[in-house]
Amino acid sequence: MTAPSEPQGSEFPYVALTAQAAGIHPSTGRLLTLDAVTFDGTGRVGETFYQVFNPGRDAGPRHTHGLEASDFAQAPRFSRSLRGLDKLIDGRQLTLHNSPHDWGYIVSEPRRAMNAAARANRSRRGRGNRRRQRVGHVPRPEGIVDVLATVRLQGNVPVDTRLPALAAIAGVSVPPPAATEEERARQRTLTLVGMHLALRDAGELAVADPAELAADRFGLQRSSLRVDAEKAAAAADNPGVYTPATGLQPGMEVVVTDDVACNPDELIDLGVRAGLTYAEKLTRQTSLVVSDAQAKGVELRGKAMHAHRKDIPILTAAQFARAVEAMESRGGGAAE
């Protein structure tokens, strides 16, 4: 395990980070390991960081993280590393594999540490102890590059969203797994660096402003637009399932998958402005699903697969945009 090396300033304006966690939702899960490197526009590495954290709970079976129970028992809590991570991430562009999940943990763990420190400080004041515990803050990157979202934005519909499969799509070679988990973690992070550079050269990167992200009910960090759209009340009663004959109608419940060759937020915003109801998950009320997977002839997964099995109509992003335009031309959209 290694601590962050001395900061090297703007010479290395990017930082790539990979993490492992116990649990799939940041709201209830805990970080187990974190590996990060800073790098420049050529891929040259500057500072490095690797740490195993004691989650204070069962870390799960060894095959999911590659570590022994004793590794976690001897490891520090996350709060011990937060100030160092702040220095590593603040002001740099952060590259992640899957930002809703990864950034969700990078936000939720600091908030837990900060809340615990605040409680401890209140307790100390009550005993006349003025020494305050300071653990750091939620990191403040300049922007967040999501390589999974970028692969999709550049026109791909990956069936396997794990990092090695995405690296193959980006043309980045992945070395054979190393002997130790620390070495494997560094391999994953350096693969992320390679993907950042390859995807940058291939086209547009999917970059999010952290100030425009918010936690959904599972602690996943999504765009505020998307989180607000899911929480919004329906503009009208749901008229039922979409058909080409009737077209889109106000109140229809729409699910937009991530397998679209554009920013899903653009489609969500388009639908909500037209008076449609957005939902993250398929339900009995789902009127249609937006996905490019079927049109591209790839194996259906996730929401698109369930929609196909339940005979819920699937429109491509382009078809959905045209359907919204037709709806508004009929005067069926929401009033401005």
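Residues numbered from 1 in each chain as written. Predicted model: local features only at pLDDT ≥ 70, side-chain atom pairs only at ≥ 80, totals over all residues. Heavy atoms only, no water.

J.: Describe in detail the sheet that holds strand β5 (residues 143–146), supporting the description with residues and values.
T.: As summarised here, the arrangement of the six strands in space is β3-β2-β1-β4-β5-β6, forming an open sheet in which the pairing is mixed. The open sheet has two free edges, formed respectively by β3 (45–52) and β6 (207–208), since each of these has just one partner strand. As defined by bridge partners, strand β1 (residues 14–22) adjoins strand β4 (residues 93–96) across three bridges and the pair is classed as parallel. Counted as the bridge partner of V15 is L94 from β4. (Pairing = 2+ DSSP bridges. Helix = DSSP H or I, 4+ residues; strand = E, 2+ residues; numbered from the N terminus.)

J.: I'd like a rundown of the sheet that holds strand β12 (residues 314–315), residues and numbers included.
T.: The sheet built from four strands is open, its strands ordered β10-β9-β11-β12 with parallel pairing. Each of the sheet's edge strands pairs with one partner strand only, and the pair in question is β10 (277–278) and β12. Examined bridge by bridge, strand β11 (residues 286–290) and β12 share two bridges and lie parallel to one another. Considered in β12, the bridge of V289 is made with I314.

J.: Pulling in residues and values, what's your account of the packing of helix α5 (residues 163–170) against helix α6 (residues 181–202)?
T.: It is at 10 Å that the axes of α5 and α6 come closest, and there the two elements cross at 30°. By the angle between their directions, the pair α5 and α6 is classed as roughly parallel. You can see that α5 and α6 cross each other, and the crossing is left-handed. Packed against α5, whose contacting residues are L163, L166, A167 and A170, the element α6 presents R188, T191, L192, M195, A198 and L199 at the interface. In terms of residue class, the contact of α5 with α6 is made up of eight nonpolar, one polar and one charged. (Axes fitted to C-alpha atoms, helices over the stretch in contact; angles between N-to-C directions. Parallel < 35°, antiparallel > 145°, perpendicular 65-115°, else oblique. Left-handed = near helix turned anticlockwise from the far one by under 90°. Contact = heavy atoms within 4.5 Å. Nonpolar A, V, L, I, M, F, W, Y, C, P; charged D, E, K, R; others polar.)

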